[in-house]
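# Overview (structure and organization)
Okay, here's what each chain looks like letter by letter:
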4 protein chains.
Amino acid sequence: MPPSERRYVITFGCPDRTGIVARIAAFLAEAGGWIVEAAYHTDPETGWFFTRQEVRADSLPFDVDELRARFAGVARSLGSDTDWTVVDTAERRRVVILVSKEGHCLYDLLGRVASGELDVDVSAVIGNHDSLGDITRAHGIPFHHVPFPAGGKAEAFERVRSLVDAHDPHAIVLARFMQILPAELCAAWAGRALNIHHSFLPSFIGARPYHQAHARGVKLVGATCHYVTADLDAGPIIEQDVIRVGHGDSVADMVRKGRDIEKFTLAKGLRWHLENRVLVHGNRTVVF
Amino acid sequence: MPPSERRYVITFGCPDRTGIVARIAAFLAEAGGWIVEAAYHTDPETGWFFTRQEVRADSLPFDVDELRARFAGVARSLGSDTDWTVVDTAERRRVVILVSKEGHCLYDLLGRVASGELDVDVSAVIGNHDSLGDITRAHGIPFHHVPFPAGGKAEAFERVRSLVDAHDPHAIVLARFMQILPAELCAAWAGRALNIHHSFLPSFIGARPYHQAHARGVKLVGATCHYVTADLDAGPIIEQDVIRVGHGDSVADMVRKGRDIEKFTLAKGLRWHLENRVLVHGNRTVVF
Amino acid sequence: MPPSERRYVITFGCPDRTGIVARIAAFLAEAGGWIVEAAYHTDPETGWFFTRQEVRADSLPFDVDELRARFAGVARSLGSDTDWTVVDTAERRRVVILVSKEGHCLYDLLGRVASGELDVDVSAVIGNHDSLGDITRAHGIPFHHVPFPAGGKAEAFERVRSLVDAHDPHAIVLARFMQILPAELCAAWAGRALNIHHSFLPSFIGARPYHQAHARGVKLVGATCHYVTADLDAGPIIEQDVIRVGHGDSVADMVRKGRDIEKFTLAKGLRWHLENRVLVHGNRTVVF
Amino acid sequence: MPPSERRYVITFGCPDRTGIVARIAAFLAEAGGWIVEAAYHTDPETGWFFTRQEVRADSLPFDVDELRARFAGVARSLGSDTDWTVVDTAERRRVVILVSKEGHCLYDLLGRVASGELDVDVSAVIGNHDSLGDITRAHGIPFHHVPFPAGGKAEAFERVRSLVDAHDPHAIVLARFMQILPAELCAAWAGRALNIHHSFLPSFIGARPYHQAHARGVKLVGATCHYVTADLDAGPIIEQDVIRVGHGDSVADMVRKGRDIEKFTLAKGLRWHLENRVLVHGNRTVVF
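Predicted model only: the values in this text are computed from it and were never measured.

Definitions and cut-offs
- Residues numbered from 1 in each chain as written.
- Chains lettered and ligands numbered in written order.
- Predicted model: local features only at pLDDT ≥ 70, side-chain atom pairs only at ≥ 80, totals over all residues.
- Heavy atoms only, no water.
- Helix = DSSP H or I, 4+ residues; strand = E, 2+ residues; numbered from the N terminus.
- Buried < 20%, exposed > 50% of the residue type's maximum accessible area, 1.4 Å probe, protein only.
- Contact = heavy atoms within 4.5 Å.
- Areas by Shrake-Rupley, 256 points an atom, 1.4 Å probe, with all protein chains shown as cover.
- Lys, Arg positive; Asp, Glu negative; His and termini not counted.
- Charge placed at Lys NZ, Arg CZ, Asp CG, Glu CD.
- Pairing = 2+ DSSP bridges.
- Axes fitted to C-alpha atoms, helices over the stretch in contact; angles between N-to-C directions.
- Parallel < 35°, antiparallel > 145°, perpendicular 65-115°, else oblique.
- Left-handed = near helix turned anticlockwise from the far one by under 90°.
- Nonpolar A, V, L, I, M, F, W, Y, C, P; charged D, E, K, R; others polar.
- Patch = residues over 30% accessible without salt bridge, like charges linked within 9 Å, V, L, I, M, F, W, Y side chains within 5 Å.
- Salt bridge = Lys/Arg side-chain N within 4 Å of Asp/Glu carboxyl O.
- Disulfide = S-S within 2.5 Å.
- Right-handed = clockwise from strand over helix to strand, strands pointing away.
- UniProt positions renumbered as here; feature names shortened; annotations may be inferred.
- Polar contact = N/O pair within 3.5 Å; in protein donor to acceptor, adjacent residues only side chain to side chain.
- Least-squares fit on C-alpha atoms with pLDDT ≥ 70 in both.
- Buried area = accessible area lost by both parts, 1.4 Å probe.

### Details of the overall build of chain A
- What chain A contains, in helices and strands, is eight helices and 13 strands.
- Residue burial in chain A is summarised as follows: out of 288 residues, 59% are buried.
- Considering only contacts within chain A whose residues lie at least 6 apart along the sequence, 68% involve residues at least 24 apart.
- Roughly 10,800 Å² of accessible area belongs to chain A as shown, and the carbon and sulfur atoms make up 52% of that amount.
- In chain A, 32 positive and 36 negative side-chain charges are present, and the distance between their average locations comes to 4 Å.

What follows is the structure in structure tokens.
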């Protein structure tokens, strides 16, 4: 990364009041901070204020730790001790991907990484089947096969957890991983675990959504990228998209068409998450 | 309508087998019928065959009644006594529109009719409020105000029914009519009553779908045009569409954005219905 | 408009540098200004900074003229004497619409105004044919018929100009007005005259774009809402959209499908323009 | 392929007249042919009739060569000696892909093949750079590096031609191959060479379309999959799609967003081509 492209990214939330923008902007201006991108939002229902700012790292006379220490004071003065982050884009993002047998999302993510479009480190891919091991290794990425035998799921999840946590990833991506995360993993990975659900939620929660969609005779099918919570398919939605289907499309056709929307939507959601563009408040997201 | 643009439109359904297309095509070819548009579909799950054909009226040596009488024999020979229609596009389509206070769908339909885009007769508009009376009458269309007082809904629906049935319309359009049709009206108008629901069904069935959508934090809102059945918001879907919303959109913004999708989707569904392009089988539609 | 919903809207552009956001935010914060919505953008190519801010009018201790006077000093201190506006949403927006014979855009705009969705005053509609006079008057809006005879276009444009300028409108909407504005009118109405072109510009500039699109065999047709400039169909683009077409669509079908996109795109562009969301820089727009 | 899923696919075109459907349908019905899918279209401007039919192979008492021989008689009787094809889906489709350095389309196609979604044989990948060799070989597919030195393009194209022709492929895919095919190759591969152009044609023909799009300030960027002809970027269009961009998108962002549309559109166009769904007539396509 050229020095001129290195950024410090600040996200911040607090109860809305006058003077917040002025306070943050003055803090940055006094330090010489060059704001490259800034976004603001206030939710009128909850009265919560949100902002995300990107500052050129080379415009500030101190490093990210010092920025964090100083910004903590700003945040505290605005009544927000914990609802903020400051990250340095020079720290590479680490991602662990969980898969099963369906490979379209994995192929898509690996292709984006290989072509440089998604500039992250895929630390590992973990599969409950080993069918996607070869392609993963062909990309130079470690693949771990963790079988999920009947009666042995708890142990399997323990193994997954230790493999994941060894990398302390910024994102854990459930790329059509067909196992439901236990509540303690949802808690441990809260705000970092992203799922791609193969329907336009809240339609067709649960299993075999394309079959449900076909039976209902809908004219569009969709996909939803959301944060994983203990409540199945009910976590905060990051992104959704749809594609047109018709009477000529069998369930298999819907599955095939839907795959494009799944991989497209997952890739967008993951990018935004890794760029700290997604701020969660309650069960809704602000995507800057 | 110039004679060369007059069409006989045949729709037909029967259990699939070999030779159906040949049988119908031979029947038409022997009479000199010039097929302008033809579509076929077989549903592999139910084994049901569907077709819709448009024939130039001036290519046949007989009128629509004779065509109907002759086609009845073809249909019978293919095992389908009732699942077919033959219509003459020279017979103008009659539409009755039911409204409440929200006018966007009515304004849109009236504009399409006035500009000649939707070449139908709007026989009447019936409102449970009178706020849309003036614009209706400005278009030269009779408006009937039928109040729905608490405790008087049954009588109100009787009045609506007699007003509607007096026109024997090809379509009864619930253009954001906020009353739930009683089961006997659903039955009486089966296959002719179209509703526009302001959500992407089956998401957000029932009241205040935009509020539900906002609370869930979805990233797209939609609309669904469907045939009315006794099961609320569960009738066969004719058309659906969606529009993107974001964290900056309040419920009021979603309502406003959704209106465009509602009127657009209703207009498409109504056009297809009036052109006999929608074939219903069970709870699903084939849209040719 | 309830006092709590009245806003002062500031738009501002200047060469980018550090401290702009801080300067504007401090100015507003010191006066007690409650920012309801704020957006920022810097164009890296031109180095130009843009912002739009909405402030609750009742949060400031002075009126819009005083705000304008004070903000002029802020703007000057940031090196921008002229590239800014301050408007009061309590001043109703005035719109004049120019039409020819095709009514779909006019019907749509009138319906939006009548239903309260587009809360503006349509001061007048001017047509070079009189076929849209009745519907205009039915909405209680004056209609002026200004014929454009061969050899008399210059006089006709003079008459249009005086009719338009009498209202000093915030927007002059060419709603499928089929006459090309002379250069002096483009200059006089610069930044206020919006056109809807019935193609996805820069494809199919000029006459009969749907015929051109059909001949080329494109699979989508579109519409473009743009500011009118002396260079035909080349002004800054505000909004564009497309709709799918296929081999079964004749030119007439494309025209019909395209109409929905035209009216939808024009309505969006007009709303954004009237809400001061569109900032023009060179030949491109920033739409906040 | 299970015997019940094997199909004979017939495409056919001839001057429109009455009795064509009856003639073809009777021919198939007499042989016991079970039509699984059938589509018809007549172009009113050229008076040309098009059809595509899928017949279950196991419903006919003869093989594909016999079907071809017999159908030739039907075609001849309808005035069409050459504008028809009969293919057997049991014959696997062979594809050769030409690439340069940009890998997103190649990664996408290889992923679709590997996951079984696109059930074809990629016979070879040919690159004018070798940067995509490793990933190709990781998928078990031969990669040929053919440099295109200044002054040596003619020889390079000769080498490409012989490498391609050795496989007699059903499709030659220019997957962001940045070289312009010489006229003799366009002729030799007519109807088999597909290109993906990174703009919504006819906008932004030629080089650097995203730069052109950015300069013009468009609000959507697109991609076009078309047959290659000697006239640059002017061949018959198979499929197009667009994606929304805004003032915040740099050229690099447009390039990134456009890639998704490119690979999505190319994959659709290629699938339809290989399924014999694309019938070319003049410079336009019918896509069944």
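### Comments concerning the sheet that holds strand β6 (residues 121-127) of chain D
Residue and element names in this part refer to chain D.
- Within the open sheet, the seven strands sit side by side as β7-β6-β5-β8-β9-β10-β11. Their pairing is mixed. The open sheet terminates on both sides in strands that have one partner only, identified here as β7 (143-145) and β11 (237-244). For this sheet, the mean inter-axis angle between neighbouring strands, taken without regard to orientation, is 15°.
- With three bridges joining them, strand β8 (residues 171-174) and strand β9 (residues 193-197) adopt parallel strand pairing. Bridge pairing in β9 links Leu-174 to Asn-195.
- Set on the sheet, helix α3 (residues 104-114) makes contact with β5 (94-99), β6, β8 and β9; between it and β5 the angle comes to about 155°.

### Thoughts on the packing of helix α1 (residues 20-30) of chain B against helix α2 (residues 64-77) of chain B
All names here are of chain B.
- Between α1 and α2, whose axes approach to 10 Å, the crossing angle comes to 155°. Classified by the interaxial angle, the pair formed by α1 and α2 is roughly antiparallel. Pair α1 / α2 crosses with right-handed handedness. In this structure, α1 uses Arg-23, Ile-24 and Phe-27 to contact α2, whose residues at the interface are Leu-67, Arg-70, Phe-71, Val-74 and Ser-77.
- For the contact of α1 with α2, the class distribution of residues is five nonpolar, one polar and two charged.

### Here we look at a nonpolar patch on the surface
- A contiguous nonpolar patch, built from Ile180(A), Ile205(A) and Leu232(A) and spanning about 280 Å² of accessible area, is present on the exposed surface.
- Looking at where Ile180(A) falls in the secondary structure, it is placed in the loop between β8 (171-174) and α6 (183-188).

### Some points on the state of the cysteines
Residue and element names in this part refer to chain B.
- Counting across every chain of the model gives zero disulfides over all chains.
- Cys-186 takes part in no disulfide bond, and the closest cysteine sulfur, belonging to Cys-225, lies 15 Å away.
- Under the relative-accessibility criterion, Cys-186 is labelled buried at 5%.

### What to know about the pairing of β6(D)
Residues and elements named next belong to chain D.
- Of all seven residues making up β6, six are buried, and the element is well covered by its neighbours.
- With α3 bridging β5 and its parallel neighbour β6, the resulting β-α-β unit is right-handed.
- Where β6 and β7 come together, three bridges link them in parallel fashion. Among the inter-strand pairings, Ile-126 is bridged to a residue of β7, identified as His-144.
- Read from β6 through helix α4 (residues 133-138) to β7, the crossover connection turns out right-handed.

### Structural notes on the UniProt feature "active site" (unreviewed entry) in chain A
- Under the UniProt annotation, "active site" (unreviewed entry) lies at Asp233(A).
- Within the secondary structure, Asp233(A) sits in the loop between β10 (220-227) and β11 (237-244).
- Judged by its relative accessible area of 7%, Asp233(A) falls in the buried class.
- Setting aside anything within four residues of it in sequence, one finds Asp233(A) in contact with Asn195(A), His197(A), Leu201(A), Ile205(A), Gly206(A), His226(A) and Arg216(B).
- Of the polar contacts made by the side chain of Asp233(A), one reaches the side chain of His197(A); its length is 3.4 Å.

### Things to note about the relation of the copies chain B and chain A
- In the superposition of chain B on chain A (RMSD 0.0 Å, axial shift 0.0 Å), the rotation amounts to 180°. Each copy turns onto its partner about a two-fold axis. Taking the C-alpha atom as reference, chain B places Ser203(B) closest to the rotation axis, 2.5 Å from it.

### Structural notes on helix α3 (residues 104-114) of chain A
Residue and element names in this part refer to chain A.
- Counted residue by residue, α3 has nine buried out of 11 residues, so it is predominantly covered.
- Within the span of α3, buried status applies to His-104, Cys-105, Leu-106, Tyr-107, Asp-108, Leu-109, Leu-110, Gly-111 and Arg-112.
- Looking one or two places after α3, you find Gly-116, whose phi comes out positive at around 85°.

### Observations regarding the interface of chain A and chain C
- At the junction of the two partners, chain A supplies 14 residues and chain C supplies 14 residues.
- Across the interface of chain A and chain C, roughly 1,100 Å² is buried in total on both sides, 67% from carbon and sulfur atoms.
- The largest per-residue losses of area from chain A upon contact with chain C belong to Thr18(A), Trp34(A) and Tyr40(A), which jointly make up 33% of the total buried on that side.
- Taken together, the connections running from chain A to chain C amount to zero salt bridges.
- Joining chain A to chain C, the criterion identifies two residue pairs in polar contact (both at pLDDT 80 or more).
- Elements with a minimum of two residues in the side of chain A that touches chain C: α1 (20-30) and β2 (35-43) of chain A.

### Section: the interface of chain B and chain A
- Tallying the contact residues gives 34 residues for chain B and 34 residues for chain A.
- Summing the contributions of chain B and of chain A, the shared interface buries around 2,900 Å²; its carbon and sulfur component is 52%.
- Looking only at chain B, the three residues that lose the most surface to chain A are Arg216(B), Lys219(B) and His247(B), adding up to 26% of its buried area.
- Here Glu239(B) ties to Arg244(A) by a salt bridge, and the two come within 3.1 Å at their closest N and O atoms.
- Counting across the interface, chain B meets chain A through 23 residue pairs in polar contact (both at pLDDT 80 or more).
- When residues of the side of chain B that touches chain A are traced back to their parent elements, those giving at least two are α7 (209-216), β11 (237-244), α8 (251-274) and β13 (284-287) of chain B.
- Here the residues of the side of chain B that touches chain A are counted per class, giving 15 nonpolar, 10 polar and nine charged.

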